[in-house]
Amino acid sequence: MRMLLIHSDYLEYEVKDKALKNPEPISEEQKKGRLDEVLAVFMSVEKVDETNPDEIVEKAIVEIKDVASQVKADRIFVYPFAHLSSELAKPDVALRVLQKIEERLKEEGFEVKRAPFGYYKAFRLSCKGHPLAELSRTIVPSGEAVS
Ligand SMILES: Nc1ncnc2c1ncn2[C@@H]1O[C@H](CO)[C@@H](NC(=O)[C@@H](N)CO)[C@H]1O
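Report follows, based on the coordinates.

**A short note on the site of the ligand**
The immediate surroundings of the ligand are formed by 16 residues, with V45, A82, H83, A89 and G118 found nearest. Between the ligand and H83, the relevant distance is 2.8 Å, taken from an oxygen atom to a side-chain nitrogen or oxygen of the residue. Of all the cavities here, the one that holds the ligand is the largest pocket. When contributions to the shell around the ligand are tallied by element, the ones reaching two or more residues are strand 2 (32-44) and strand 5 (119-127). Among the residues making up the shell around the ligand, the classes are represented as 13 nonpolar, three polar and no charged.

What follows is the structure, given as structure tokens:
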């Protein structure tokens, strides 16, 4: 999995069109979303992650908690983003991983939103610009090589 973590004044999105034949079903309310004072986490779930999705979820939680504590963010925006890797996991696996990450972050006490999966979305982001405001992380299941 590749993650781009942006500590932001806000992130807002608006669903525009389907990017998959069968995108995640969403309610009218989910077509737009915004969080203020948020750690936005753009995530590409990768093919290699399919060997152990559950482990990838837990490794992602560790990394996100680490950055959130460093930047003192208690809100997280989980954002599916298929542009950080050229070896993407299948959509059904990717969605399950991102849904589980959302669930686990809520269990850890964060306020969490997850942008809808399988759509083209307009978004606006205001990066805070401090030294830890823009970070990336790459995680793979144990025993796998980082490509
Ligand atoms: N392996 C994967 N990891 C993360 N997201 C993935 C994915 N496979 C599919 N998606 C989702 O489907 C849209 C089309 O690829 C993706 N849409 C996007 O990435 C938007 N920024 C529009 O380009 C995303 O929602």
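**Quick word on the layout of surface pockets**
Empty space among the atoms becomes apparent when a probe as large as a water molecule is rolled across them. Of the pockets and cavities examined, the largest pocket occupies roughly 480 Å³. Residue lining of the largest pocket: 22 residues in total, with P80, F81, A82, H83 and G118 positioned closest to the centre. When residues of the lining of the largest pocket are traced back to their parent elements, those giving at least two are strand 2, strand 3 (75-80), helix 2 (91-107) and strand 5. Per element, the largest residue contribution to the lining of the largest pocket is four residues, and it comes from strand 5. Split into classes, the residues belonging to the lining of the largest pocket amount to 17 nonpolar, three polar and two charged. In this model, the second largest pocket occupies a volume close to 220 Å³. Y13, E24, E29, Q30, K32, G33, E102, V112, K113, R114, A115 and P116 are the residues that line the second largest pocket. At three residues, the largest contribution of residues to the lining of the second largest pocket is made by strand 4 (residues 111-114).

**Let's talk about the nonpolar core**
Membership of the largest hydrophobic core comes to 31 residues, with the highest contact counts inside it found for M1, M3, M43, I64, I76, I101 and L105. Counting only elements with at least two residues in this core, the list comes to strand 1 (2-18), strand 2, helix 1 (53-71), strand 3 and helix 2. A per-element tally of this core places helix 1 first, with eight residues. For M3, the contacting residues outside a window of four places in its chain are V41, F42, M43, A60, E63, I64, L84, L135, S136, R137 and I139.

**Here we look at the pattern of salt bridges**
Taken as a whole and assessed by the stated rule, the structure comprises 21 salt bridges. Put simply, K31 and E28 hold a salt bridge, and the shortest N to O gap is 3.2 Å. Using a relative accessible area of 61% as the deciding quantity, one classes E28 as exposed. Put simply, E63 and R137 hold a salt bridge, and the shortest N to O gap is 2.9 Å. Of this pair, E63 sits in helix 1 while R137 sits in strand 6 (residues 134-138), and the two are 74 residues apart along the sequence. Three or more residues joined by partner-sharing salt bridges are found here, namely E58, K65, R104, E107 and E108.

About the cut-offs
Residues numbered from 1 in each chain as written. Predicted model: local features only at pLDDT ≥ 70, side-chain atom pairs only at ≥ 80, totals over all residues. Heavy atoms only, no water. Near = heavy atom within 4 Å. Polar contact = N/O pair within 3.5 Å; in protein donor to acceptor, adjacent residues only side chain to side chain. 1 Å grid on protein atoms, 1.4 Å probe; cavity = no way out; pocket = protein on both sides within 12 Å on 5 of 7 lines; lining within 4 Å. Sits in = over half its atoms within 2 Å of the grid points. Helix = DSSP H or I, 4+ residues; strand = E, 2+ residues; numbered from the N terminus. Nonpolar A, V, L, I, M, F, W, Y, C, P; charged D, E, K, R; others polar. Points joined across faces, edges and corners; volume = space filled by probe spheres on them. Core = buried A, V, L, I, M, F, W, Y, C linked by side-chain atoms within 4.5 Å. Buried < 20%, exposed > 50% of the residue type's maximum accessible area, 1.4 Å probe, protein only. Contact = heavy atoms within 4.5 Å. Salt bridge = Lys/Arg side-chain N within 4 Å of Asp/Glu carboxyl O.

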